[in-house]
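The chain contents come next:
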Amino acid sequence: MGRWICYICSKVPDSLMMLLVLALSCNPSTAAIASPSAPHVKPSYSFGRTFLGLDKCNACIGTSICKKFFKEEIRFDTWLSSHLKLPPSYLLSYSGNYTDDAKSWRMVDITRLTSKYQHDRADKRICTSLLKTKTCSLEHALRRTQRFQKWLRAKRLTPDLVQGLSSPMLRCPSQRLLDRIVRRYAEVPDAGSIYMDHLTDRDKLRLLYTLSVNSHPILLQIFPDVEGWPFPRYLGSCGRLVVSASTRPLRDFFGAAPEVAADLALQLLAVLRSMGTNDLNYFFYFTHVDSGTFGVFSNGHLFIRDASTLGIIDKEEGSQLIDDQQEYKDIFSCLTVDCQSTFVSCNSIGEKHSLVMVCQELLPKLLKGKFMQPVQEKIDSFLQHCANGLADDQGVSGAVAKLAELLKPLQSCDSRFAYRYPDCKYSDKY
């Protein structure tokens, strides 16, 4: 059949296209060589500056991890899909995947410091209050403020430069804490200096903006997990998105098995204890806790997932702002909160502050109805005593200590608790 077609094509050369088709039919191997393969189009995200928040820089968090996004070394949870579509921009957080070698991937959390609606509202407030317009250059408007002009002239970050900011971390600032922020600010090349000489005008605006909106990424930078602090690892920022190591929120474990619940409750109490007593003499306290404040890594280790409501009191230096100085308000004080909101007095914070909130909001949901009587009854009694908060610091701490003593024998030692397994096999505690 092939020879017959070749004979016909030699007698009736109709057109160049016909000759090409017939010639390819005469020799299949030639056809395979001559036929060009379809070009392989690599699926790709269509990143917009608006989605990332880069169009708002330098009223943003930073740009240290932008290359990872554009090189697709950070992908959202649909990264295995043939159509790499971006998720909706109105979400507060996203599950993502991160790689350094394009072969192995690990889960990360990609979050906004606040919702897009709150960001847009704050942006509008900047324009209307500072320039009396509906839209404006955010950077131009913020640069004109008295506070930022003081930042530009400052050689060192001092308490007066952060007074009135809404972040709980800065309500009772010490010079030692502010020096730590400058020295460890990860969105600039590390200078290891307490002076701001290595920060450009752009860097200073980004740092001020981040502290004004949400101090969560700053806490992850200045108290890193590699030094034993109970925070997920900070990987970088791009525009108004922050990338950190992935954790599952504690609310996912409210229905967990009794031994898992006991383990997480003990970890939670240990974290609070370490935040109250540590080698650096910083006292951490929560202004609010909910089911997303804490998270759990895949190895079962519990960490603080959301540090935005953490306040810090320096037990070594004390606060260098008195309460009436904290009432100073400007546009940076009102980016994410009502300008009329009042501050908690630094002197009103005690050791039981965070314990009472956790006993009220989290531990009952984690431990309720998990154990046999009379153990469950005793657990409920200790939780109630702690949650009432009527006793002094020592009374609440005593109830929590008894609760921990009751929970320890309920822990188990197996591979579900990878963060302490198999070490627990050789411990007398189990």
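Small disclaimer: the values here were computed from a predicted structure and weren't measured. (Residues numbered from 1 in each chain as written. Predicted model: local features only at pLDDT ≥ 70, side-chain atom pairs only at ≥ 80, totals over all residues. Heavy atoms only, no water.)

Here we look at the packing of aromatic side chains
Phase 1 of the analysis: The final tally for this structure, using the stated rule, is eleven aromatic pairs.
Phase 2 of the analysis: Both rings, one in F51 and one in F76, keep their centres 5.8 Å apart while their planes meet at 85 degrees; by these two values the pair is edge-to-face. Of this pair, F51 sits in helix α4 (residues 49-52) while F76 sits in strand β1 (residues 74-76), and the two are 25 residues apart along the sequence. Across this residue pair, the class does not change: F51 and F76 are buried.
Phase 3 of the analysis: Counting every residue linked through ring pairs, the aromatic cluster contains F51, F69, F76 and Y94. (Phe/Tyr/Trp six-rings, centres within 6.5 Å; stacked < 30°, edge-to-face > 60°. Helix = DSSP H or I, 4+ residues; strand = E, 2+ residues; numbered from the N terminus. Buried < 20%, exposed > 50% of the residue type's maximum accessible area, 1.4 Å probe, protein only.)

Considerations on the packing of helix α13 (residues 258-276) against helix α17 (residues 393-407)
Helices that pack against each other are described as a pair by the angle of their axes relative to one another and the distance between those axes.
Phase 1 of the analysis: Interhelical geometry of α13 versus α17 gives an angle of 145 degrees and a closest axis separation of 10 Å. Crossing angle aside, the handedness with which α13 passes α17 is left-handed. Between α13 and α17, the residues in contact are A262, A265, L266 and L269 and V400, L403, A404 and L407, respectively.
Phase 2 of the analysis: Its residues assigned to classes, the contact of α13 with α17 shows eight nonpolar, no polar and no charged. (Axes fitted to C-alpha atoms, helices over the stretch in contact; angles between N-to-C directions. Left-handed = near helix turned anticlockwise from the far one by under 90°. Contact = heavy atoms within 4.5 Å. Nonpolar A, V, L, I, M, F, W, Y, C, P; charged D, E, K, R; others polar.)

Considering the confidence of the model for the protein chain
Phase 1 of the analysis: Per-residue confidence for the protein chain averages 85 on the pLDDT scale, and 84% of its residues sit at or above 70.
Phase 2 of the analysis: Ignoring residues within four places in sequence, the model shows residues 1-41, a span with pLDDT below 50, making nine contacts including any to other chains. (pLDDT = per-residue confidence, 0-100.)

Description of the sheet that holds strand β8 (residues 294-296)
Phase 1 of the analysis: Taken in spatial order, the three strands make up an open sheet running β6-β8-β9, and their pairing is antiparallel. The sheet terminates laterally at β6 (248-249) and β9 (302-304), the two strands that pair on one side only.
Phase 2 of the analysis: In the sheet, β8 pairs with β9 via three bridges, with the strands oriented antiparallel. The residue bridging F294 from the neighbouring strand is I304, located in β9.
Phase 3 of the analysis: Contacts from α13 reach β8 and β9 within the one sheet, and its direction differs from that of β9 by about 40 degrees. (Pairing = 2+ DSSP bridges.)

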